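A look at the structure
Letter by letter, the chains look like this.
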Amino acid sequence: MTNSPQIRPYRIDIPQEQLDDLRDRLRRTRWAPDLPGTGWERGVPTSYLRPLAEYWSDGFDWRAQEAALNAYPQFTTTVDGADVHFLHVRSAARDAVPLLLLHGWPGGVIEFLDLIGPLTDPGQDGGPAFHLVIPSLPGYGFSGPLPGAGWTDGRTAAAMAELMARLGYERYGVQGGDVSAFIAPLVGRAAPGRVLGVHVNALLTFPHPEVMGSLTEAERARLAGMAEWQEKLGAYLRLHGTRPQTIAASLHDSPAGQLAWIVERFKDWTDPAAELPEDAVDRDRILADVSVYWFTQTAGSSAHTYFERFNDAAMWRPVERGTVPTAVAVFPTDFSVRPLAERTHHVVRWTEFGRGGHFAALETPDVLVTELREFFGSLR
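Residues numbered from 1 in each chain as written. Predicted model: local features only at pLDDT ≥ 70, side-chain atom pairs only at ≥ 80, totals over all residues. Heavy atoms only, no water.

**With respect to the overall build of the chain**
In plain terms, the rule: Runs of H or I in DSSP of at least four residues are treated as helices and runs of E of at least two as strands, each being numbered from the N terminus. It is over C-alpha atoms that the radius of gyration is taken, and the globule rule equals 2.2 Å times the number of residues to the power 0.38. Only protein chains enter the area calculation, which uses a 1.4 Å probe; residues under 20% of their type maximum are buried, those over 50% are exposed, and those in between are partly exposed. The criterion used for residue contact is that any of the two residues' heavy atoms lie within 4.5 Å. For the accessible areas, the method is Shrake-Rupley and the probe is 1.4 Å, while residue cover comes only from the protein chains on display. Charge assignment: positive for Lys and Arg, negative for Asp and Glu; neither His nor the chain ends contribute. Each charge is placed at NZ for Lys, CZ for Arg, CG for Asp and CD for Glu.
Across its full length, the chain holds 18 helices and nine strands. Against the 2.2 N^0.38 benchmark of 21 Å for 380 residues, the chain shows a C-alpha radius of gyration of 20 Å, consistent with a compact globule. The C-alpha extent of the chain, read off along each of the three principal axes, is 55 × 50 × 45 Å. Of all 380 residues assigned to the chain, the portion counted as buried reaches 57%. Summarising the internal contacts of the chain: among those between residues at least 6 apart in sequence, 75% fall at separations of at least 24. Accessible surface for the chain amounts to roughly 16400 Å². Of this, 50% is attributable to carbon and sulfur atoms. Side chains of the chain give 35 positive and 47 negative charges; the mean places of these two sets differ by 4 Å.

**Describing the UniProt feature "domain: Epoxide hydrolase N-terminal" (unreviewed entry) in the chain**
Put simply, the rule reads: UniProt positions are given in the numbering used here, feature names are shortened, and annotations may be inferred rather than shown by experiment.
The UniProt entry lists residues 7-112 under the feature "domain: Epoxide hydrolase N-terminal" (unreviewed entry), expressed in the numbering used here. As a span, residues 7-112 carries 32% helix and 23% strand, and end to end its C-alpha atoms are 22 Å apart.

**Remarks on empty space enclosed by the protein**
The line we're drawing: Cavity: a set of points on a 1 Å grid over the protein atoms alone where a 1.4 Å probe fits but cannot get out. Pocket: an open set with protein on both sides within 12 Å along at least five of seven lines, its lining residues, like those of a cavity, having an atom within 4 Å of a point. Grid points are joined across faces, edges and corners, and a volume is the space filled by probe spheres set on the points. Each residue gets one label: Ala, Val, Leu, Ile, Met, Phe, Trp, Tyr, Cys and Pro are nonpolar, Asp, Glu, Lys and Arg are charged, and the others, such as Gly, are polar.
This structure, assessed with the given rule, holds four cavities of 30 Å³ or more. Estimated volume of the largest cavity: approximately 120 Å³. Taken together, 16 residues form the lining of the largest cavity, with Gly-104, Glu-111, Gly-177, Asn-201 and His-358 sitting closest to its centre. A class-by-class count of the residues in the lining of the largest cavity yields eight nonpolar, six polar and two charged.

**Notes on the nonpolar core**
Short version of the rule: Think of a nonpolar core as a cluster: buried Ala, Val, Leu, Ile, Met, Phe, Trp, Tyr and Cys residues, connected wherever their side-chain atoms sit within 4.5 Å.
With 118 residues, the main nonpolar core has Trp-62, Leu-102, Leu-119, Tyr-172, Val-174 and Val-187 as its most contacted residues. The residues touching Leu-102, leaving out its near neighbours within four places in the chain, are Phe-112, Pro-135, Leu-137, Met-160, Val-174, Gln-175, Gly-176, Gly-177, Ser-180, Ile-183, Ala-184 and Val-187.

**A look at the side chain of Glu-219**
Selection rule: Counted as salt bridges are all cases of a side-chain nitrogen of Lys or Arg within 4 Å of a carboxyl oxygen of Asp or Glu. The term polar contact refers here to a pair of N or O atoms within 3.5 Å; inside protein, the definition further demands a hydrogen-donor-capable atom paired with an acceptor-capable atom, and it admits residues adjacent in sequence only when both atoms are side-chain atoms.
Note on placement: Glu-219 falls in helix 8 (residues 217-233). It is Arg-222 that comes nearest to the buried, bridge-free Glu-219 among opposite-charge side chains, at 6.8 Å. A distance of 2.9 Å separates a polar side-chain atom of Glu-219 from the backbone nitrogen of Thr-216. Setting aside chain neighbours within four positions, we find Glu-219 in contact with Val-337 and Pro-339.

**Some points on the sheet that holds strand 2 (residues 74-79)**
Using the following cut-off: Should DSSP find at least two bridges between two strands, the strands are taken to pair. Geometry is summarised by axes, namely lines fitted to C-alpha atoms with helices restricted to the contacting stretch, and by angles between N-to-C directions that run from 0 to 180 degrees.
If you trace the nine strands from one edge of the open sheet to the other, you get 1-2-3-5-4-6-7-8-9, paired in mixed fashion. Where the open sheet ends on each side, the last strands, each with one partner, are strand 1 (7-10) and strand 9 (346-352). Strand-to-strand twist of the sheet, defined as the mean angle between neighbouring strand axes without regard to direction, takes the value 25°. Of the strand pairs in this sheet, strand 8 (residues 325-330) and strand 9 are connected by six bridges, and their pairing is parallel. In the strand pairing of strand 9, Thr-326 is matched with Val-347. Of the strands in this sheet, strand 3 (82-89), strand 4 (97-102) and strand 5 (130-136) touch helix 4 (residues 113-120), which is tilted by about 160° from strand 5.

**Comments concerning the packing of helix 10 (residues 244-253) against helix 14 (residues 299-310)**
Rule in force here: By definition in this entry, angles of less than 35 degrees are roughly parallel, angles greater than 145 are roughly antiparallel, angles of 65 to 115 are roughly perpendicular, and the rest are oblique. The sense of a crossing depends on the near helix, which, turned anticlockwise from the far helix by less than a right angle, makes the crossing left-handed and, turned clockwise, makes it right-handed.
Here helix 10 crosses helix 14 at 160°, and the two axes come no closer than 8 Å. If you check the angle between helix 10 and helix 14, you find them roughly antiparallel. Along this stretch, helix 10 crosses helix 14, giving a crossing that reads as right-handed. Across the interface between the two elements, Pro-244, Gln-245, Ile-247, Ala-248, Leu-251 and His-252 of helix 10 pack against Ala-299, Gly-300, Ala-303, His-304 and Phe-307 of helix 14.

**Topic: the pairing of strand 6 (residues 172-177)**
Counting buried positions along strand 6 gives six out of six residues, so the element sits mostly inside the fold. Neither face of strand 6 is open: one carries Tyr-172, Val-174 and Gly-176, the other Gly-173, Gln-175 and Gly-177, and all of them are buried. Looking at chain direction, strand 4 and strand 6 are connected through four bridges and run parallel. Looking across to strand 6, one finds that Leu-101 is bridged to Gln-175.

**Observations concerning the packing of aromatic side chains**
What counts, and what does not: Classification of ring pairs rests on two measures: the distance between centres of Phe, Tyr or Trp rings, Trp counted by its six-membered ring, which must be within 6.5 Å, and the angle between planes, read as stacked under 30 degrees, edge-to-face over 60 and tilted in between. Both a distance and an angle decide whether a charge sits over a ring: NZ of Lys or CZ of Arg must be within 6 Å of the ring centre and within 35 degrees of the ring normal.
In the structure shown here, the tally under the stated rule is 18 aromatic pairs. With centroids separated by 6.2 Å and ring planes inclined at 80°, the aromatic side chains of Tyr-236 and Tyr-306 adopt a geometry described as edge-to-face. Of this pair, Tyr-236 sits in helix 9 (residues 235-242) while Tyr-306 sits in helix 14, and the two are 70 residues apart along the sequence. Given the relative accessible area of 5%, Tyr-236 is considered buried. Site record: aromatic cluster; members linked through ring pairs are Trp-105, Trp-229, Tyr-236, Phe-266, Trp-269, Tyr-306, Phe-335 and Phe-359. Looking at Lys-267, its charged tip hangs above the ring of Trp-40, at a distance of 5.3 Å from the centre. Residue placement shows Arg-283 over the ring face of Tyr-55; its charged tip is 3.5 Å from the ring centre.

**Describing the side chain of Arg-265**
Along the chain, Arg-265 falls in helix 11 (residues 255-269). For Arg-265, a relative accessible area of 1% puts it in the buried group.

Printed below as a string of structure tokens:
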């Protein structure tokens, strides 16, 4: 059945043979030698990657990460032909606000673990508590590989709106970062009468001739930073968007390759003050994230969603300004420019932070919790 309303209990239980296979593959990795005199500017150095892979093989405890996820109720349902896995954690607060938390790439439900307790508990400052719905996006993580082509951001957003309807939530908020900074506002467009507000981080805003002349020097510098990022750090983006199946062949077969592919993002996108990825995000949490992609074999299908985004005409055509109240959180690695965001979003809150980076829920969960309480508390 392609659109069954049935909601099925789910528990993560990776077979031991898969853990053994991962360990064996990592131990047999054929390592690429570093070019003398070079470092991170050419990609992930083997001098960094090899010890990390050895720890993944012999020191990292997947079962502990599995247990941390299994501590919360999980379910799956089928929407538009795709399985959707999600955590559903309800607050004890009678007036809790339903909140849909959407991850990006290379993320997953595991990035929100540190938010669950604080957000489901009533805030001492009078801020709201939340009923949390935390899905693995279609084609990602425990939702499993995509059933076919055509999973655009709009289709994913419609599936998320359907999920919330199945759970009986008549009115709810949405938060998303990275690719979900595209998807979260589309949920608002798909169900404007149901979405209380949308909160995004790592929102990309693109130049537009009607606005460029009025930008401040700081805003122009931020746009210039995005252009430089696309030129120097956007190789993954072009491969995902144009040849996802080719890169999938490598990522599905080599855990060391999958590790490098993801850990480079943590190096490039986390707080600029962090010298190494684990200086910004706990090393075990990074490896748990990589492990989910490896065990669920969703490196390829998650890459294919970029191909859909690149080739979706609806994604790039002009749209009317949204009507749902929207908050934008800007961290030091973000390139969001408010006048450009306001062309398409009903921006009512704009907050810039001096610490943190792209992975807000992992790097600065305290900041994000406060942000969400203040924004959605103002909308009640």
